[in-house]
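Structural characterization, general
Residue strings, one per chain:
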Amino acid sequence: MRMEFPQQQKPADGKIIYPPGVKEITDKITNDEVVKRLKMVVKTFMDMDQDSEDEKQQYLPLALHLASEFFLRNPNKDVRLLVACCLADIFRIYAPEAPYTSHDKLKDIFLFITRQLKGLEDTKSPQFNRYFYLLENIAWVKSYNICFELEDCNEIFIQLFKTLFSVINNSHNQKVHMHMLDLMSSIIMEGDGVTQELLDSILINLIPAHKNLNKQAFDLSKVLLKRTVQTIETCIANFFNQVLVLGKSSVSDLSEHVFDLIQELFAIDPPLLLSVMPQLEFKLKSNDGEERLAVVRLLAKLFGAKDSELATQNRPLWQCFLGRFNDIHVPVRLECVKFASHCLMNHPDLAKDLTEFLKVRSHDPEEAIRHDVIVTIITAGKKDLCLVNDQLLGFVRERTLDKRWRVRKEAMMGLAQLHKKYCLHHEAGKDAAQKVSWIKDKLLHIYYQNSIDDKLLVEKIFAQYMVPHNLETEEKMKCLYYLYACLDPNAVKALNEMWKCQNMLRSQVRELLDLHKQPTSEANSAAMFGKLMTIAKNLPDPGKAQDFMKKFNQVLGEDEKLRVQLELLISPTCSCKQADVCVREITRKLANPKQPTNPFLEMVKFLLERIAPVHIDSEAISALVKLLNKSIEGTADDEEEGVPPDAAIRSGLELLKVLSFTHPTSFHSAETYESLLQCLKMEDEKVAEAAIQIFRNTGHKIETELPQIRSTLIPILHQKAKRGTPHQAKQAVHCIHAIFHNKEVQLAQIFEPLSRSLNADVPEQLITPLVSLGHISMLAPDQFASPMKSIVANFIVKDLLMNDRSVGNKNGKLWCPDEEVSPEVLAKVHAIKLLVRWLLGMRNNQSKSANSTLRLLSAMLVSEGDLTEQKKISKSDMSRLRLAAGGAIMKLSQEPCYHEIITPEQFQLSALVINDECYQVRQIFAQKVHVALVKLQLPLEYMSIFSLCAKDPVKERRAHARQCLLKNISVRREYIKQNPMAHEKLLSLLPEYVVPYMIHLLAHDPDFTKPQDFEQLRDIKECLWFMLEVLMTKNENNSHAFLKKMVDNIKQTKDAQAPDDPKTNEKLYIVCDIALFVIVNKSTTYHLESPKDPVLPTKFFTAPDKDFINDKEYLSLEARTVLLTGKPKPASVLGTVNKPLSVTGKRPYNRTAGSETGSNVSGNSEPSSPSGNKGREQGTDASETGASENEENPVILLSVTPAKTEPVKNKEVNSEQSAAGNASAERGKKRAAPADGSENMHQSPEENQPDEVGAPVPPKPRRGRPPKSQTPGSTEKSSEAKTGGRGRKRAAPTPESPGELLEAANIKVPKQQKDTEAKKAPAQRQMDLQR
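Not measured: the values here are computed from a predicted model.

From N to C terminus, the protein includes 60 helices and zero strands. By the burial criterion, 56% of the 1331 residues in the protein qualify as buried. Taking contacts inside the protein between residues at least 6 apart in sequence as the whole, the part at least 24 apart equals 76%. Put simply, the protein shows about 56700 Å² of open surface, and 51% of that area lies on carbon and sulfur atoms.

So this is what it looks like as structure tokens:
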């Protein structure tokens, strides 16, 4: 309601009339009297209404008098309050007209009334009701609206708003709030607009600092803005436009709080910002990173707010915001990632939009961002698993292998928490548990990582989140029992390895304590130091750990009580509860109250956590056995836990088997052994085998303490050794040998009937007896070595190995699954193993049996596995026998007395198994060699075999070989560092000493037939570099100079294998020159002084002749150029698979037209030559297929220009001739197909009759390396070809369908056909067989 200014102010006489009973109010009377009289005036005006025209006229002079300076400036607050109440009533009574005409007077009056409203602050004041009446009156009448006509009304409104916001507090009731709102909203809604200053007076209450100071003012502003949204929205939009777009921060003092205000306004009522949002999109694209960061922070809150619909209502802004996930400014990306967590929790529907951006950020170069991506996903996942999709969990999974420890740790701990919540506690049902069932496997897989930090964290996670150690024993073991049953094979291996590592560390600590019991001596101190270093390697930050372990060792020496506690902790009989007490006691003793953060104590805690038995003790084993019994009886919760009963029993036994290695003492109870006896009687082969092994590991006291168990066990073990599976038989023999005192009698009762019943005509029944006999002769050689000799001579060799009774499957496959191997071949493989075990038991060669055995094994390799050469045996069975023979020679080499008698020729034959034509043979043999080398059981010369892997056609095999070399070299170097005594055996330990063996092996490579053939030289260089690259990575102790001197020294000797053969020595010197060429080209320190004089193995090299000085260079200048630059050459069938030394162009790479199977046909066979440690030939290796090489891939068929085939034929003939003269050196590497093609080809009779024009046919198939060139087969297949490979025997793939079977890798073709091919494809070169 607007008031009008009246024309007339007072009666003509101007006399002030007071209400009845009120005397005149002047400055002459006291304040009390003024108050008394004013109260009566207030009462009079209060009772008047707008219709009392006479009274209005009568009291008009009084009304004007009350607005005089005397009243408005009166120092007495009671007077001012009463005057204000009177003025408020006057405005009510005279509305819509005002009795005051002067604008200045009106301004003074309203500012006066505003000042009086401050009295509202104190609700307990006796005058509060009058203040409230004043507020109610002016609000109801809308008295302030009269100010709209004043020029400086804004000053009055700002003062009013500020006053009201300052006095509002939590003691005010709803009516006070309502009147204030009415008063302010009427000013906003009925005015001509809201000025910036007035808007500021409202908005300032929304700023966090003010909001926290006066919550009621914030609430009042909030409701006011909601009520006046229609009017005030344009004013707000204008304000933000000025600040955000035009950059006019001076328009308001609140400019710096613009983003806080937007956030609050959005929370109050989104329509308030209808016009502001597009301005934020503009700001998101600002060039100023800090500005973008501020906008991103703001929008993150707006989009992420609980009920916000901004993302759906404003898609352009949402998309623009998502773009900031890829911002160049790191803090912006970080802010976006942090926002994602709230967004996922509050707006699951936006997860799809966020996933792609989080994927990119999970690979962010900034560690903090990758870390926060994990935190974001895990936080949402912990709230509700449905909020995170599989993709998001996949990002966390990836980050468990991050290069930064902080990120890996966050990812692993996050996954562990999800596993505990959803799999262990089943907080969201089976579906959720299934969704994250992969976590347990993934976490355990991380134990394979090299970092000790990773291993320790996996152990901690296992003890706290997977099988929580604080559970009761039954519950804990149930958890472990079913966890073990659900793990994948690799996770099981990792868990077993974890227990093994902890057990080894316990042993180390036990040995350290034993050293403390011995008298002090220099040797004792040295041994103690060695133990401390070993223990420190099992703790985080080994450098610091060494110092802390020395300190801990010192404390142990001084504190006997501490030693007692530690001995109790690692005692085999220590229970989990005792362990907990011991750890607390040791920690208490080492704690220092004055030092809150004690890194020494932290390190000792790490050690105690690793060695303390937190899961397994006698009680735990007993609980596991009870669970196993329930599974056997069918009363367990197997199905409920999602594990089939059979799987539960098998995995339960496997678990007990593993624990029997690490905690054997905990098994010693009649109850446990009774249950295991039940398992021995079960039909499941694996279950019985595991049970026997548990007896073997834990039963040392059965004979003396549990006679009843003994009497039941012995007949079962005898039965298993005679008629069980091969694995059961092995374990039964070892079990008898391990736990019984009268083992000789027991083993004889098995040996004699088995040795009498051997019958080669029934190979199915031979395998178990062969296994048992072999292990008996190995474990008790004094008793059984002699009787075995006649069995070996008369039965094993003559009757079994030298006879082929059955005809093998002629499907041409190079490998078949284990279950398809013929019983006869399986018996032969076990017969070879028996020979080895028999010899390993004797450990001497007095009877020359080892020589005979080695000759037999060599013959097996030379004949490609077909010892009788009757061609009855199948290709896949031959592969098995070659593998067995190669493995047997390697196994015998581990025994020094047999290693001495293995000739260089026999070593070379076994080495070539790593280049076998069959992928699986190469794979298994390489792994066997690697495992034995890593355990330092094999002589160093066997490491040189890996240099031949440079020729492997399959990329993953080469990569595996390189990893094996790296591991072996690091193991040997570490061993030398840790063992001072090792320096006396450097010749057998120092990795650099592998070079002479490698040079000798490559000099006798059957492929190396022409000393000046560039292609062959390049192959030799590849093999040398394959080894030298790994050896020369670090120039430790000037090893490059040592290597060069070693090769120089070899050139001054002769080949001990044929010292008087000039050709053999020339090949040796050429390999030396290539090695020198590689070392000189790859090292800048080779010319320095060698740290020591190399010693050469006399078995392979003669002593240097003082009269013989070999300074000749055996490589021509052209040959050096070819080796350095990779001059173009036609690709051989065994095409280059490794990198030459220096960089030239990349190999051209063309696909044949119509090829759908990815053959690598190279128009130019020049090898690419990357230098350094870059990956080998990415393009041509792309189609390598790993283990399916022999099974699934169509064969490669090559067209070769005639000009290149003639030398190949000559070479083949020469090879045959040299093979006849030097059979033992040249034989043993199998060609992919003999000359007549019968072994490697399976096609129709019409196709199988090539016209052998111009190619002499040798009487027997050549038993060496395959020829270097490969001739064409059937041209119709060329479009389907996949690359085959470079191996000793050509890796012969088998097509997917039997009808397409064509294994014609090395088949000779008629000359006419060659000419035809040459005309058809004159430009086509040989195919590069890289796989």
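Side chains bearing opposite charge may pair, as long as their charged atoms lie close to each other. Counting across every chain of the model gives 44 salt bridges. Across the pair Arg 584 and Asp 580 runs a salt bridge whose closest N-O atoms are separated by 2.9 Å. Of this pair, Arg 584 and Asp 580 both sit in helix H32 (residues 576-590), separated by four residues, roughly a single helical turn. Note on Asp 580: relative accessible area 42%, which makes it partly exposed. In this structure, the salt-bridge partner of Lys 657 is Glu 654, at a minimum N-O distance of 3.3 Å. Pair noted here: Lys 657 and Glu 654 are both in helix H35 (residues 645-662), with a separation of three residues, about one helical turn. Judged by its relative accessible area of 24%, Glu 654 falls in the partly exposed class.

Our next topic: the packing of aromatic side chains. Scanning the model with the defined rule gives 19 aromatic pairs in all. Seen from their ring centres, Tyr 484 and Trp 499 are 6.4 Å apart, and the 20 degrees between their planes marks the pair as stacked. Taken together, the residues Tyr 484 in helix H27 (residues 473-486) and Trp 499 in helix H28 (residues 489-517) connect sequence positions 15 residues apart. Owing to a relative accessible area of 4%, Trp 499 belongs among the buried residues under this scheme. The interplanar angle of 20 degrees and the centroid separation of 5.3 Å between the aromatic rings of Tyr 673 and Phe 695 together place this pair among those described as stacked. You can see Tyr 673 sitting in helix H36 (residues 670-680) and its partner Phe 695 sitting in helix H37 (residues 685-698), a full 22 residues away along the chain. Neither residue differs from the other here; Tyr 673 and Phe 695 are each classed as buried. Joined through ring pairs, the aromatic side chains of Phe 303, Trp 318, Phe 321, Phe 325, Phe 339 and Phe 357 make up one cluster. Of note, Lys 455 hangs over the ring of Tyr 447, and the distance from its end group to the ring centre comes to 5.6 Å. One cation-aromatic arrangement involves Lys 551 over Phe 600; the distance from NZ or CZ to the ring centre is 4.4 Å.

The next point concerns the environment of Ser 660. Mapped onto the elements, Ser 660 comes out in helix H35. By relative accessible area, Ser 660 is classed as buried at 1%. Residues Ser 660 and Arg 696, spaced 36 residues apart in sequence, show a C-alpha to C-alpha distance of 8.9 Å. When sequence neighbours within four positions are dropped, the list of residues in contact with Ser 660 reads Phe 667, Gln 693, Ile 694, Asn 697 and Thr 698. A distance of 2.4 Å separates a polar atom in the side chain of Ser 660 from the backbone oxygen of Lys 657.

To continue, consider unusual backbone geometry. The phi angle at Asp 541 is positive, at roughly 50 degrees, despite the residue not being glycine. Here Asp 541 is to be found in the loop between helix H29 (522-536) and helix H30 (542-558). A positive phi angle is found at Glu 869, which is not glycine, with a value near 55 degrees. Here Glu 869 lies in the loop between helix H45 (849-862) and helix H46 (875-893).

Turning our eyes to something else, we now look at a negative patch on the surface. On the surface, Glu 472, Glu 474, Glu 475, Glu 619, Glu 640 and Glu 641 cluster together into a patch of negative charge. Glu 640 sits in the exposed class, given a relative accessible area of 59%.

The contact between H27 and helix H34 (residues 618-633) brings their axes to 9 Å, and the two run at 60 degrees. With respect to H34, the element H27 is oriented oblique. The chirality of how H27 crosses H34 is right-handed. Facing Thr 473, Met 477, Lys 478 and Tyr 481 of H27, the residues of H34 in contact are Glu 619, Ala 620, Ala 623, Leu 624, Leu 627, Leu 628 and Ser 631.

Turning to the confidence of the model for the protein, a few remarks are in order. Within the protein, residue pLDDT values average 79, and 83% of them lie at 70 or more. With pLDDT under 50 throughout, residues 1-13 is counted as low confidence; its partners more than four residues away or in other chains account for 43 contacts. Low pLDDT, under 50, characterises residues 1128-1331; the predicted model gives this stretch 473 contacts beyond four residues in sequence or across chains.

It is worth spelling out the state of the cysteines at this point. In the structure shown here, the tally under the stated rule is zero disulfides. Looking at the unpaired Cys 574, the closest cysteine sulfur is the one in Cys 582, lying at 5.2 Å.

Turning to helix H31 (residues 560-570), its buried residues number three or more, namely Leu 562, Arg 563, Leu 566, Leu 569 and Ile 570. All buried residues of H31 lie within an arc of 120 degrees about the axis, which places them on one face of the element. Away from the buried face of H31 by more than 90 degrees, exposed residues Glu 560 and Lys 561 are located. Contacts made by the buried residues of H31 are with H28, H30, H32 and helix H33 (599-611).

In this fold, Arg 1018 is placed in helix H53 (residues 1014-1031). By relative accessible area, Arg 1018 is classed as buried at 1%. For Arg 1018 and Leu 1124, which are 106 residues apart along the polypeptide, the C-alpha to C-alpha distance reads 9.7 Å.

The biggest cluster of nonpolar side chains holds 363 residues, and the ones touching the most others in it are Leu 87, Tyr 144, Phe 240, Ile 262 and Leu 1028. If you tally residues by element for this core, the top one is helix H5 (residues 77-94), at 13 residues. Apart from residues no more than four positions distant in its own chain, Leu 87 is found in contact with Leu 66, Ala 67, Leu 72, Tyr 100, Ile 109, Phe 112 and Ile 113. Counting 33 residues, the second-largest nonpolar core is a separate cluster that includes Leu 515, Leu 532, Ile 535 and Ala 545.

What follows deals with the side chain of Gln 908. Relative to the elements of secondary structure, Gln 908 occurs in helix H48 (residues 904-911). Judged by relative accessible area, Gln 908 falls into the buried class, the value being 4%.

If you trace the backbone, Asn 173 turns up in the loop between helix H8 (153-167) and helix H9 (174-190). When its relative accessible area of 44% is taken as the criterion, Asn 173 is described as partly exposed. Placed 50 residues apart in sequence, Asn 173 and Thr 123 show a C-alpha to C-alpha distance of 9.6 Å. Polar side-chain contacts of Asn 173 include one of 3.1 Å to the backbone nitrogen of Lys 175. Within the structure, Asn 173 has its side chain in polar contact with the backbone nitrogen of Val 176 (distance 3.1 Å).

Each value, and the rule that gives it
- Residues numbered from 1 in each chain as written.
- Predicted model: local features only at pLDDT ≥ 70, side-chain atom pairs only at ≥ 80, totals over all residues.
- Heavy atoms only, no water.
- Helix = DSSP H or I, 4+ residues; strand = E, 2+ residues; numbered from the N terminus.
- Buried < 20%, exposed > 50% of the residue type's maximum accessible area, 1.4 Å probe, protein only.
- Contact = heavy atoms within 4.5 Å.
- Areas by Shrake-Rupley, 256 points an atom, 1.4 Å probe, with all protein chains shown as cover.
- Salt bridge = Lys/Arg side-chain N within 4 Å of Asp/Glu carboxyl O.
- Phe/Tyr/Trp six-rings, centres within 6.5 Å; stacked < 30°, edge-to-face > 60°.
- Lys NZ or Arg CZ within 6 Å of the ring centre and 35° of its normal.
- Polar contact = N/O pair within 3.5 Å; in protein donor to acceptor, adjacent residues only side chain to side chain.
- Patch = residues over 30% accessible without salt bridge, like charges linked within 9 Å, V, L, I, M, F, W, Y side chains within 5 Å.
- Lys, Arg positive; Asp, Glu negative; His and termini not counted.
- Charge placed at Lys NZ, Arg CZ, Asp CG, Glu CD.
- Axes fitted to C-alpha atoms, helices over the stretch in contact; angles between N-to-C directions.
- Parallel < 35°, antiparallel > 145°, perpendicular 65-115°, else oblique.
- Left-handed = near helix turned anticlockwise from the far one by under 90°.
- pLDDT = per-residue confidence, 0-100.
- Disulfide = S-S within 2.5 Å.
- Arc of directions from axis to C-beta.
- Core = buried A, V, L, I, M, F, W, Y, C linked by side-chain atoms within 4.5 Å.

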